[in-house]
Amino acid sequence: MPNIHFVTSGKVLEVPEDSNILRMSLRYDGDLPNRCGGGICGQCVFKAEEGAEFLDKVKVQERRKLGEEWLEKGYRLGCQTFVTKGDIAISWDEETTTQVKKRKPDKLKQEVPAAK
């Protein structure tokens, strides 16, 4: 089973594969900040310090809230992210959280199906 190391709070949790990071933090007191749980508020933003390859694919809601700028720096939303088959280490800080919370979600371009 993978471990989530919550660097900011100093806690390490052993969790089942394919566990949601925010849910595990809430269940086992990992202390990841949170509010809505739906990828809208940005409160649960974290940076993958180690093991980013063991996180699942970026979701549409993360892409909208964080934008490419934050995603490229290694940030994800705890409510939208799942740990897969290996250990990860995550951190967060108040300044980044404040900036992400203020960010307006991107409007993603919808693909128009080609005419037949």
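This text goes with the structure placed above it.
Rules and cut-offs
Residues numbered from 1 in each chain as written. Predicted model: local features only at pLDDT ≥ 70, side-chain atom pairs only at ≥ 80, totals over all residues. Heavy atoms only, no water. Salt bridge = Lys/Arg side-chain N within 4 Å of Asp/Glu carboxyl O. Helix = DSSP H or I, 4+ residues; strand = E, 2+ residues; numbered from the N terminus. Buried < 20%, exposed > 50% of the residue type's maximum accessible area, 1.4 Å probe, protein only. Pairing = 2+ DSSP bridges. Phe/Tyr/Trp six-rings, centres within 6.5 Å; stacked < 30°, edge-to-face > 60°. Lys NZ or Arg CZ within 6 Å of the ring centre and 35° of its normal. Polar contact = N/O pair within 3.5 Å; in protein donor to acceptor, adjacent residues only side chain to side chain. Contact = heavy atoms within 4.5 Å.

Looking at the pattern of salt bridges
Should the charged atoms of two oppositely charged side chains come close, the side chains can pair. Counting across every chain of the model gives eight salt bridges. With a closest N to O distance of 3.4 Å, D56 and R76 form a salt bridge. Here the residue D56 occupies a position in the loop between β4 (45–50) and α2 (60–72), and R76 occupies one in strand β5 (residues 75–77), the gap between them amounting to 20 residues. Side by side, D56 and R76 carry an identical accessibility label, which is buried.

Some points on the pairing of strand β2 (residues 11–14)
Looking at chain direction, strand β1 (residues 3–6) and β2 are connected through four bridges and run antiparallel. When the sheet's bridge partners are listed, F6 is paired in β2 with K11. From the end of β1 to the start of β2, which pair antiparallel, there are four residues, and G10 there has a positive phi angle of about 80°.

Looking at the packing of aromatic side chains
In this description, an aromatic ring pair is defined by two values, namely the gap between the centres and the angle between the planes. Evaluated as defined, the whole model comprises two aromatic pairs. Between F6 and W92 the ring centres are 6.2 Å apart and the planes differ by 70°, which places this aromatic pair in the edge-to-face class. Remark: W92 occurs in the loop between β7 (88–91) and α3 (94–102) and F6 occurs in strand β1; sequence separation between them is 86 residues. Considered together, F6 and W92 belong to a single accessibility category, that of buried residues. Ring centres of W70 and Y75 lie 5.1 Å apart, and the angle between their planes is 80°; on these two criteria the pair is classed as edge-to-face. Take Y75: its relative accessible area is 12%, and that puts it in the buried class. The cationic tip of K73 hangs over the ring face of W70; the distance from NZ or CZ to the ring centre is 4.8 Å.

Overview of the side chain of R76
Given the relative accessible area of 8%, R76 is considered buried. Polar contacts involving the side chain of R76 include one to the side chain of E62, which spans 2.7 Å. Contacts of R76, omitting those with residues within four sequence positions, involve C44, V45, F46, L55, D56, K57, V58, E62, L66, L71 and T81.

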